[in-house]
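Examining the three-dimensional arrangement
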Amino acid sequence: MGEPVKIAETMERISKEWLIPPIRRFAYLPYSLKSALQAVIEIGRLRNPKFVIDDDNIFTYVNMIRWVHGDEEMQCLNPITKEVVRGRLNAGIYIAGNTGTGKSWALEIMSEYTKIDNVKLAMLDTIRPLRWNNYRTDSICDEYTESGNINKYKEMGIVGFQDLGSEQQEALYMGNRVNVMRKILEHRGDFPNKITLITSNLPITHPKLTEAYGERVSSRLLEMCNYFEIKGKDRRKLK
Ligand SMILES: Nc1ncnc2c1ncn2[C@@H]1O[C@H](COP(=O)(O)OP(=O)(O)OP(=O)(O)O)[C@@H](O)[C@H]1O
Ligand SMILES: [Mg+2]
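This write-up is about the structure you can find in this document. These figures come from a predicted structure and were not determined experimentally.

1. A few points about unusual backbone geometry
- The linkage connecting Leu 29 with the following residue, Pro 30, adopts the cis geometry, with an omega of -10 degrees.
- Here Pro 30 is to be found in the loop between strand S1 (23–25) and helix H2 (33–47).
- In this structure, Leu 124 is a non-glycine residue whose phi angle is positive, near 50 degrees.
- Structurally, the position occupied by Leu 124 is in the loop between strand S5 (120–123) and strand S6 (126–129).
- Judged by local crowding, Leu 124 falls into the partly exposed class, with 14 C-beta atoms found within 10 Å.
- Not every positive phi belongs to a glycine, and Met 174 is a case in point at roughly 45 degrees.

Dropping the structure here:
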């Protein structure tokens, strides 16, 4: 017989653990939205002098700025009705839009923008910067084919996935066929202390997402992410 189970103590520990919010955001307020947009434009112009914030992308940039600052005014789109609704600071970001509309750049530029104020957040009891690296989903599949390992993408606290839906459905490693992004997203969706940012040509409610990754993933995506769409022309052709 080991130590008697100390029920009261155990209960207290469990309730404390459950009380720790998985993610806590800090408010980097006040800030001027105008200056913030100017800073984003300057970062964008370092990459492409023609970088603009215009009618097609301003809603996404303004609300990603609010998201970064931990500003409760943040808004996003209802994925079904496309109405403007209140955003969730503890959730990630999903940007849909046609090719070349500037989705990938939005994730990359906004990760740079977080460095200006060195924005931080708490994930369980760890304080860390609100910064993320962005990975193409097809490269993640290639990595699985080479190494058989995708744990890194399941475990990263914050991560950006570029071009969800464009990668091959299954990747093969030593006879194991795996739907790589399905595994990663299912896992991340089960942990409320993770933040996932995604770009895709597919709207978040598109049946192709359910076909490719299953109901469990498509329902988790809605919970995991604030939804945005960037409209407009292919900016690669406007160069
Ligand atoms: N806000 C912007 N203003 C002007 N040019 C931009 C802007 N954003 C992106 N671009 C230009 O458009 C090109 C395409 O942008 P990006 O790669 O972000 O598109 P995307 O929406 O991710 O496309 P895809 O769906 O093909 O992945 C970039 O290489 C860049 O030159
Ligand atoms: Mg892209």
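2. Looking at the site of ligand 1
- If you check the shell around ligand 1, you find 19 residues, and the closest are Thr 99, Gly 102, Ser 104, Trp 105 and Arg 235.
- Among the elements that line the shell around ligand 1, the one with the most residues is helix H4 (residues 103–113), at 3 residues.
- Taken together, the residues of the shell around ligand 1 sort by class into 3 nonpolar, 11 polar and 5 charged.

Here is what the cut-offs are and how they apply
- Residues numbered from 1 in each chain as written.
- Chains lettered and ligands numbered in written order.
- Predicted model: local features only at pLDDT ≥ 70, side-chain atom pairs only at ≥ 80, totals over all residues.
- Helix = DSSP H or I, 4+ residues; strand = E, 2+ residues; numbered from the N terminus.
- Buried ≥ 20, exposed ≤ 12 C-beta atoms within 10 Å, placed from the backbone.
- Near = placed C-beta within 6 Å.
- Nonpolar A, V, L, I, M, F, W, Y, C, P; charged D, E, K, R; others polar.

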